[in-house]
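The primary structure of each chain is shown beneath.
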Amino acid sequence: MLESVVIIGSGPAAHTAAIYLSRANLRPLLFEGFMAGGIGAGGQLTVTNDVENFPGFPEAISGADLMERMRLQSEKYGTRIRTETITKVNLTEKPFRIYTEAGEEITARALIVATGATAKILHVKGEERLWQKGISACAVCDGALPIYRNKELAVIGGGDTAMEAAFHLTHFASKVLIIHRRDKLRASAVMQERVLTHPKVEFLWNYEVDEILGENKVEGLRLRSTETGLLKEIPIGGIFYSIGHKPNTGFLDGALELDRYDYIQVAPGTSRTSVEGVFAAGDVCDPLHQQAIVAAGSGCKAALECEDFLR
Ligand code: FAD
Ligand code: NDP
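Rules used in this analysis
Residues numbered from 1 in each chain as written. Chains lettered and ligands numbered in written order. Predicted model: local features only at pLDDT ≥ 70, side-chain atom pairs only at ≥ 80, totals over all residues. Heavy atoms only, no water. Core = buried A, V, L, I, M, F, W, Y, C linked by side-chain atoms within 4.5 Å. Buried < 20%, exposed > 50% of the residue type's maximum accessible area, 1.4 Å probe, protein only. Helix = DSSP H or I, 4+ residues; strand = E, 2+ residues; numbered from the N terminus. Contact = heavy atoms within 4.5 Å. Phe/Tyr/Trp six-rings, centres within 6.5 Å; stacked < 30°, edge-to-face > 60°.

S.K.: Just give me the short version of the nonpolar core, but keep the residues and values in it.
M.R.: Judged by nonpolar contacts, the single largest core of 22 residues is most densely connected at V6 and L111. Elements that contribute at least two residues to this core include exactly strand 1 (2-8), strand 2 (29-31), strand 6 (86-90), strand 7 (96-100), strand 8 (105-113) and strand 19 (278-280). Per-element accounting of this core gives the leading share, four residues, to strand 8. In contact with V6, not counting residues within four places along its chain, are L29, F31, I98, I106, A108, A110, L111 and I112. By size, the runner-up hydrophobic cluster in this structure holds 21 residues, among which are I7, A18, A114 and A303.

S.K.: Got a sec to walk through the packing of aromatic side chains? Specific residues and values, please.
M.R.: Aromatic ring pairs are reported here in terms of the distance separating the ring centres and the angle at which the planes meet. A complete count under the given rule lists five aromatic pairs for this structure. Between the aromatic rings of Y148 and F240, the centroid separation amounts to 4.6 Å while the plane-to-plane angle is 50°, which identifies the pairing as tilted. With Y148 in the loop between helix 4 (139-142) and strand 11 (152-156) and F240 in strand 17 (residues 238-241), this residue pair connects regions lying 92 residues apart in the sequence. Of the two residues, Y148 and F240, both sit in the buried class. Summarising the aromatic geometry, the rings of F203 and W205 are spaced 4.8 Å apart at their centres and angled 10° between planes, so their arrangement reads as stacked.

S.K.: Which residues make up the environment of L252, and what values go with them?
M.R.: Assignment of secondary structure puts L252 in the loop between strand 18 (245-247) and strand 19. Judged by its relative accessible area of 2%, L252 is buried. Through-space distance from the C-alpha of L252 to that of S10 is 17 Å; in sequence the pair is 242 residues apart. When residues no more than four places from it in sequence are discounted, the contact partners of L252 are V89, L258 and I264.

None of this, on its own, says anything about what the molecule does.
Dropping the structure here:
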């Protein structure tokens, strides 16, 4: 059967696109993945606790509940959802060919890619036990939570995300310590400037995390000098990973144009990719914003542009 439109992904971008396309009677087929990119169906929000900045939920809502509601809303209007990961696509001719992990071929007139990105983690001792108990991979999302307020917080990384995270955390923390494995920042000059002179920000150069310490919440860090290999312990009230994201684009294998960080390139202000009839939405094409509401908005945009293309 030739599908009108296939959506790949399961986060706010994919489900917003699905809600719009199903309400337009286009009966989208959505592949939500099975532990694709290391995260279960529902995407990145399923690995966090309270979401306090998605409009409409003044009391906050758990990330898992928010995604379950979006999934229900997609299904309510006729989206067909399959819990399978897409491993290959052929976009060189129409209809497009999309392949599941089991090798099944699906043909479609249009495609929306909303496979998101995965925040990189350190894989150090203590991380699994204390995850979300003082460790976060998103300062903008979690920085204002009570467990981080008026504490000394550590930011790991030396790129723009780390600078942005540190600056954001200065609003809540008593002190922000940026721990970087080298003595030079990767961040752009303008982003560096904002924190280098900030009275609440300090830098610890040439150190990496060896272990995160604490019983039931983060209480400190064991650090290793990247110059001498020597270890030292410091007290800390929370730790924010800002070591980059990996967009989930491996399965595209050259089918769409990507930027140098492997994010899908879209025509400015649109969701149009390098192949006509293929649209991208959410974190997979946006390294800068990476927020649920932005992903949802771009899913809407992709759906409207896709509908226009199909009609
Ligand atoms: P994602 O949420 O990244 O979901 C994409 C999903 O698609 C993948 O996870 C996977 O399940 C599926 N998929 C991937 N590849 C395939 C494939 N090949 N086949 C099928 N399925 C596939 N934002 C906020 O606004 N507020 C917050 O409080 C907040 N907290 C956060 C806390 C944490 C710890 C993290 C990591 C992020 C947080 N964010 C928050 C950011 C937010 O989660 C993301 O910006 C948003 O989820 C991006 O949505 P998305 O639709 O682009 O895709
Ligand atoms: P980057 O890849 O630019 O930086 C990642 C940082 O994390 C680097 O400093 C890197 O160190 C460090 N790092 C990576 N792995 C580890 C590890 N295992 N242990 C310790 N440190 C580690 O990622 P960003 O997310 O910062 O930025 C991605 C893109 O998004 C960039 O193009 C950036 O410009 C853009 N961006 C722009 C913003 C803006 O302009 N407002 C805001 C946020 C992002 P090292 O330097 O040694 O490699």
